[in-house]
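Spelled out, the chains give:
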Amino acid sequence: MAELRNPDTGCPWDLQQTFKTIAPYTLEETYEVIEAIENNDMIALKEELGDLLFQVVFHARMAEETDHFTFDDVARTIADKMLARHPHVFSPEENGMGNSPSLDQNWEAMKAAERQEKGQLELFDDIPKALPALVRARKVQSRAARTGFDWPELQPVLDKIIEECHELKDEISCDSSRERIEEEAGDLLFSVVNLARHLKVDPESTLNRATAKFQKRFLAMAALLESQGVDLWETPLGTMEAAWQNIKKQS
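Below, the structure is looked at part by part.

1. Re the nonpolar core
Then, in step 1: Membership of the largest hydrophobic core is limited to 7 residues, which are Met221, Leu224, Leu225, Met240, Ala243, Trp244 and Ile247.
Then, in step 2: Counting only elements with at least two residues in this core, the list comes to helix H10 (203-227) and helix H11 (237-250).
Then, in step 3: Ranked by residues supplied to this core, first place goes to H11 with 4 residues.
Then, in step 4: Apart from residues lying up to four places away in sequence, Ala243 is in contact with Met221, Leu224 and Leu225.
Then, in step 5: In terms of nonpolar packing, the next biggest core, distinct from the first, is built from 6 residues, Val157, Ile161, Leu168 and Ile181 among them.

In structure tokens form, the structure reads like this:
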């Protein structure tokens, strides 16, 4: 990386990059790591983890050039953080307390102390607003739940989804403003994320799998219609629905 960023002999493209221009690539590589995990492709995962690691090295190198920090500083900082957050593992006097009921409280107390040290005084200050919406919603809900603000059972969560569906339906029936409809649609999505959290499933990866399933079925439906000499773009909805149900039975 140092050679790629060498002002005299380095790569012109790499030399032009800044933290902001590289940030989208960092996000892209993260998603490619997740995709390799979803596909259970260990060969791809090895390669994508390398690409993601390269992003860390890239950012660290640019920071070193401006005397902010080095790659070693990055590694040392995360190692120190893990030591501090896991006294039940690394402190001999607390070793073996990994299943202690107070473990979650201790973790949250340490996180709160870290937020306070960084000047993040509010409960949600350290949750990035740039996170994907589903991920951010889950994190906000989880943080609030740690204070005790959460339903202890699943049924009220399901009831809330039904309630939000009715409220959205009412706004649509009343021909409400776009803002009101969007607000109610957002409440419904937020409630579904809450259900996923209670079911201990990740809403982001769950939705991605559902999208992939839809995509696979839709393409199969299109192929079925094409084999019947039917043009997808000119096919009535009823015909597409019948083909769709046929594909669903096969999968």
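2. Examining the packing of helix H8 (residues 155-173) against helix H9 (residues 178-198)
Then, in step 1: Two elements in contact, H8 and H9, have axes whose closest approach is 9 Å; the angle formed by their N-to-C orientations is 165 degrees. Comparing the axis directions of H8 and H9 gives the class roughly antiparallel. Here H8 and H9 pass one another in a crossing that is left-handed. Of H9, the residues touching H8 (which contributes Val157, Leu158, Lys160, Ile161, Glu164, Cys165, Glu167, Leu168, Glu171 and Ile172) are Arg180, Ile181, Glu184, Ala185, Asp187, Leu188, Ser191, Val192, Asn194, Leu195 and His198.
Then, in step 2: Here the contact of H8 with H9 is composed, by residue class, of 11 nonpolar, 3 polar and 7 charged.

3. Description of the packing of helix H7 (residues 133-145) against H10
Then, in step 1: At their nearest, the axes of H7 and H10 sit 8 Å apart, and the two run at 145 degrees to each other. Listed contacts from H10 to Leu134, Val135 and Arg138 of H7 are Pro203, Glu204 and Leu207.
Then, in step 2: Here the contact of H7 with H10 is composed, by residue class, of 4 nonpolar, no polar and 2 charged.

4. Overview of helix H3 (residues 42-65)
Then, in step 1: Over its 24 residues, H3 extends 35 Å from the first C-alpha to the last, a length consistent with the 34 Å expected when each residue adds 1.5 Å.
Then, in step 2: Turning to H3, its buried residues number three or more, namely Leu45, Glu48, Gln55, Phe58, His59, Ala60, Met62 and Ala63.
Then, in step 3: Its buried side turned inward, H3 meets helix H1 (12-16), helix H2 (19-38) and helix H4 (71-85).

5. As for the side chain of Ser191
Then, in step 1: Residue placement: Ser191 occurs in helix H9.
Then, in step 2: According to the relative accessible area criterion, Ser191 is buried, its value standing at 6%.
Then, in step 3: Discounting chain neighbours no more than four positions away, the residues touching Ser191 are Val157, Lys160, Ile161 and Glu164.

6. A short note on H7
Then, in step 1: For H7, which comprises 13 residues, the first-to-last C-alpha distance of 18 Å matches the rise-based estimate of 18 Å (1.5 Å per residue) to within 8%.
Then, in step 2: All buried positions along H7 are accounted for by Leu134, Val135, Ala137, Gln141, Arg143, Ala144 and Ala145.

7. Examining the pattern of salt bridges
Opposite charge on two side chains makes pairing possible when the charged atoms of those side chains draw close.
Then, in step 1: All chains considered together, the criterion is met by 13 salt bridges.
Then, in step 2: Across the salt bridge formed by Glu65 and Arg5, the nearest N and O atoms sit 2.6 Å from each other. You can see Glu65 sitting in helix H3 and its partner Arg5 sitting in the segment before H1, a full 60 residues away along the chain.
Then, in step 3: The class of Arg5 is buried, set by a relative accessible area of 11%.

8. Topic: the packing of aromatic side chains
Then, in step 1: Tallied over the entire structure, the rule returns 4 aromatic pairs.
Then, in step 2: Measuring from centroid to centroid gives 5.8 Å for Trp13 and Tyr25, while their planes differ by 80 degrees, and the two rings are edge-to-face. With Trp13 in helix H1 and Tyr25 in helix H2, the pair connects residues that are 12 residues apart, well separated along the chain.
Then, in step 3: Residue Trp13 is classed as partly exposed on the basis of its relative accessible area, which comes to 40%.
Then, in step 4: You can call Tyr25 partly exposed: its relative accessible area is 36%.

Thresholds, definitions, all that
- Residues numbered from 1 in each chain as written.
- Predicted model: local features only at pLDDT ≥ 70, side-chain atom pairs only at ≥ 80, totals over all residues.
- Heavy atoms only, no water.
- Core = buried A, V, L, I, M, F, W, Y, C linked by side-chain atoms within 4.5 Å.
- Buried < 20%, exposed > 50% of the residue type's maximum accessible area, 1.4 Å probe, protein only.
- Helix = DSSP H or I, 4+ residues; strand = E, 2+ residues; numbered from the N terminus.
- Contact = heavy atoms within 4.5 Å.
- Axes fitted to C-alpha atoms, helices over the stretch in contact; angles between N-to-C directions.
- Parallel < 35°, antiparallel > 145°, perpendicular 65-115°, else oblique.
- Left-handed = near helix turned anticlockwise from the far one by under 90°.
- Nonpolar A, V, L, I, M, F, W, Y, C, P; charged D, E, K, R; others polar.
- Expected span 1.5 Å × (residues − 1).
- Salt bridge = Lys/Arg side-chain N within 4 Å of Asp/Glu carboxyl O.
- Phe/Tyr/Trp six-rings, centres within 6.5 Å; stacked < 30°, edge-to-face > 60°.

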